[in-house]
Amino acid sequence: MEKDIIDGKVIANNIRAERNRANLTQENTAEKLGISTKTYISYEEDAQCIKATMLYKLAKIFGCTINAFYLQSNST
């Protein structure tokens, strides 16, 4: 049953990975979202819960699906 629970760190790591894949900086991404860089960084550090609407915006910016943020790598 534990495998059905999504760890916030998985989402945070995937957000970072997708941002890097899109060749964007944290500052660029925050600007595109209309939020502070500090707030954006808190998403990548799993220090702040991210809302589904923000994940949707990130997916559009990064050119991926929302599912990409929830996928766990085989190494975890």
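Cut-offs used in this document
- Residues numbered from 1 in each chain as written.
- Predicted model: local features only at pLDDT ≥ 70, side-chain atom pairs only at ≥ 80, totals over all residues.
- Heavy atoms only, no water.
- pLDDT = per-residue confidence, 0-100.
- Helix = DSSP H or I, 4+ residues; strand = E, 2+ residues; numbered from the N terminus.
- Phe/Tyr/Trp six-rings, centres within 6.5 Å; stacked < 30°, edge-to-face > 60°.
- Buried < 20%, exposed > 50% of the residue type's maximum accessible area, 1.4 Å probe, protein only.
- Arc of directions from axis to C-beta.
- Contact = heavy atoms within 4.5 Å.
- Salt bridge = Lys/Arg side-chain N within 4 Å of Asp/Glu carboxyl O.

K.L.:
Is there a simple way to think about the confidence of the model for the protein chain in this case?
P.N.:
Should the pLDDT be low somewhere, the predicted coordinates at that spot are not to be read in detail. When pLDDT is averaged along the protein chain, the result is 90, and 87% of the positions lie at 70 or above. The least confident element of the protein chain, judged by mean pLDDT, is helix H5 (residues 67–70) at 94; the most confident is helix H2 (residues 26–33) at 98.

K.L.:
Would you mind showing me how to read the packing of aromatic side chains here?
P.N.:
Given two aromatic rings, one states the distance between the centres and the angle between the planes to describe the pair. Counted by the stated rule, this structure contains one aromatic pair. A ring pair is formed by Phe 62 and Phe 69, whose centres lie 6.4 Å apart and whose planes are at 70 degrees; its orientation type is edge-to-face. Phe 69 sits in the buried class, given a relative accessible area of 0%.

K.L.:
When you look at helix H4 (residues 52–62) in this model, what are you seeing that I'm missing?
P.N.:
Working note: α-helix, 3.6 residues per turn, so residues spaced by three or four point in the same direction. When we look at burial in H4, the residues that qualify are Met 54, Leu 55, Leu 58, Ala 59 and Phe 62. Buried positions in H4, seen along its axis, are confined to an arc of 140 degrees and lie on one side of it. Of the residues in H4, the exposed ones pointing more than 90 degrees away from the buried face are Thr 53 and Lys 60. Those residues of H4 that are buried are in contact with helix H1 (8–21), H2, helix H3 (37–44) and H5. After H4 finishes, the residue Gly 63 shows a positive phi value of roughly 70 degrees.

K.L.:
Just checking my understanding: could you explain H2 for this structure?
P.N.:
The set of residues buried in H2 consists of Thr 29, Ala 30 and Leu 33. Buried residues of H2, viewed axially, fall in a sector of 100 degrees; they line one side. For H2, the exposed residues set more than 90 degrees away from the buried face come down to Glu 31 and Lys 32. On its buried face, H2 sits against H1, H3 and H4. Gly 34 lies just past H2 and shows a positive phi near 75 degrees.

K.L.:
Can you help me understand unusual backbone geometry in this one?
P.N.:
Backbone geometry follows two general trends: most residues other than glycine have a negative phi, and most peptide bonds adopt the trans configuration. Phi at Asn 23 is positive, roughly 60 degrees, even though this residue is not glycine. Notably, Asp 46 is not glycine yet its phi reads approximately 60 degrees, a positive angle.

K.L.:
What am I meant to see in the pattern of salt bridges here?
P.N.:
Pairing between side chains of opposite charge can happen when the charged atoms of each approach one another. Inspection of every chain in the model, using the stated rule, returns three salt bridges. A salt bridge links Glu 18 to Arg 21; the shortest N-O distance between them is 3.0 Å. In this pair, Glu 18 and Arg 21 both sit in helix H1, three residues apart, roughly one turn of the helix. Here Glu 18 falls in the buried class, since its relative accessible area comes to 10%. Connected through shared salt-bridge partners, Arg 16, Arg 19 and Glu 44 make up one network.

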